[in-house]
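Residues per chain, in single letters:
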Amino acid sequence: TVRWHIELQPWASPTPSLNYEALRFLKYISTSQISCEHTNLNSFKGYSETAKKPWSICLDERFSLIHRIRSKQCRLYSLGLGNDDNQFELSMANSGCEVHRFDPSIKSAHIQEGRHLWYHRLSIDWRDPNPAIAAHKLHSNTKKLGTVLNEFGHQKIDVLKADVESAEWKILENLILEDVVEQIGQLVFEVHIHWPGFEVSGNESTVVRYWYSLLRELELKDFRLFHTYKDLSKPQMFLKKEAFNASSCYTLSWVNTRWK
């Protein structure tokens, strides 16, 4: 059955309140649900500590990623927008992973750099363009992740990394509604909370309840949050307010516990 909407969680308080929603959401994203002892690639050659952000992945033996890296069978999809910090992608490629970086700002449709690293001039979105609508033709390089997986013939992604400047909420919703998330072993998402995000509507408490509900859907699909990075270099803003001691940007890492 096709789902059109995620299941919204009950309000955090008897009457809708931004204060209660925000505190519940911020506590949720700041609390690890599973511990992970090994979260970076230091043990692999070619990894440099100069990466600007801690894109943490879980390399504990009980999950599949470390075994797939060792057997050179891992696959990383990286979604970004003109970001020059590709240290994480390079380190994964140097570890023998097949790395696909999707960025609409690159100059050619497909570029291969080295044995394991590909760049694609594609933007991953929460909808496919409609060829019958003229305005959508401008976005012909925009596709849903499920569409790209089908076109590339990929059944699974070991790690999906996303830094998509506030499109992450709708992309995450699409991955959940279409069950694409079940084809992913680990998620590393940068989330932005200084405004609702692209095409997220409603008043402030409704927006935060929606964010929280999305993340609870991940939990229902057996994803567990194991690392949170609060970016203090970004403005300390929550829905355009300096409030709740929140950063405007967090990097969250989940592991799919069904993937052993």
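- As annotated in an unreviewed UniProt entry, the protein is MET24 protein from Vireo altiloquus.

### Considerations on the overall build of the protein
Part 1: Summing up its helical and strand segments, the protein has seven helices and ten strands in all.
Part 2: Taking contacts inside the protein between residues at least 6 apart in sequence as the whole, the part at least 24 apart equals 67%.
Part 3: Total accessible area on the protein is roughly 12400 Å²; 51% of this is exposed by carbon and sulfur atoms.

### A look at the sheet that holds strand β9 (residues 223-230)
Part 1: In spatial order, the strands read β3-β4-β2-β1-β7-β8-β10-β9; together these eight strands make up an open sheet with mixed pairing. The strands lining the two open edges of the sheet, one partner per strand, are β3 (110-113) and β9. Recorded for the sheet is a direction-independent mean angle of 15 degrees between the axes of neighbouring strands.
Part 2: Here β9 runs beside strand β10 (residues 249-256); their pairing, made up of seven bridges, is antiparallel. Counterpart to lysine 230 in the pairing with β10 is tyrosine 250.
Part 3: Sheet strands in contact with helix α6 (residues 168-177) are β7 (157-163) and β8 (184-192), and its direction is about 155 degrees off that of β8.

### Focus: the state of the cysteines
Part 1: Taken as a whole and assessed by the stated rule, the structure comprises two disulfides.
Part 2: Here cysteine 74 is linked by a disulfide to cysteine 97, with a sulfur-sulfur distance of 1.7 Å. Measuring the twist about the S-S bond at about -100 degrees, one finds the cysteine 74-cysteine 97 disulfide to be left-handed. Of the two residues, cysteine 74 is situated in the loop between α2 (64-70) and β1 (75-80) and cysteine 97 in the loop between α3 (87-94) and β2 (98-102); the sequence distance between them amounts to 23 residues.
Part 3: Classification of cysteine 74 by relative accessible area gives buried; the value is 2%.
Part 4: Here cysteine 97 falls in the buried class, since its relative accessible area comes to 0%.
Part 5: Sequence-ordered numbering of the bonded cysteines in the protein yields a pairing of 1-2, 3-4.

### Some words on the packing of aromatic side chains
One pair of aromatic rings is described through two measures. These are the centre distance and the angle between the planes.
Part 1: Enumeration over the complete set of coordinates arrives at nine aromatic pairs.
Part 2: Between tyrosine 77 and phenylalanine 102, the aromatic rings sit 5.0 Å apart at their centres with planes inclined by 50 degrees, giving tilted as the arrangement. Residue tyrosine 77 is found in strand β1, and its partner phenylalanine 102 is found in strand β2; the two are separated by 25 residues along the sequence. Like phenylalanine 102, tyrosine 77 is buried.
Part 3: Taking 5.9 Å as the distance between ring centres and 35 degrees as the angle between the ring planes, the aromatic pair formed by phenylalanine 102 and phenylalanine 152 counts as tilted.

### Overview of the nonpolar core
Part 1: Residues Phe25, Leu145, Trp169, Leu187, Trp211, Leu215 and Phe238 are the most contacted members of the largest nonpolar core, which totals 51 residues.
Part 2: In terms of residue count, the dominant contributor to this core is helix α7 (residues 204-220) (eight residues).
Part 3: With 19 residues, the next largest nonpolar core counts Ala93, Cys97, Leu117 and Val159 among its residues.

### A few points about the pattern of salt bridges
Part 1: Per the stated rule, a full pass over the model turns up 18 salt bridges.
Part 2: Three or more residues are tied together by salt bridges with common partners; here these are Glu89, Arg101 and Lys161.

Rules used in this analysis
- Residues numbered from 1 in each chain as written.
- Predicted model: local features only at pLDDT ≥ 70, side-chain atom pairs only at ≥ 80, totals over all residues.
- Heavy atoms only, no water.
- Helix = DSSP H or I, 4+ residues; strand = E, 2+ residues; numbered from the N terminus.
- Contact = heavy atoms within 4.5 Å.
- Areas by Shrake-Rupley, 256 points an atom, 1.4 Å probe, with all protein chains shown as cover.
- Pairing = 2+ DSSP bridges.
- Axes fitted to C-alpha atoms, helices over the stretch in contact; angles between N-to-C directions.
- Disulfide = S-S within 2.5 Å.
- Buried < 20%, exposed > 50% of the residue type's maximum accessible area, 1.4 Å probe, protein only.
- Phe/Tyr/Trp six-rings, centres within 6.5 Å; stacked < 30°, edge-to-face > 60°.
- Core = buried A, V, L, I, M, F, W, Y, C linked by side-chain atoms within 4.5 Å.
- Salt bridge = Lys/Arg side-chain N within 4 Å of Asp/Glu carboxyl O.

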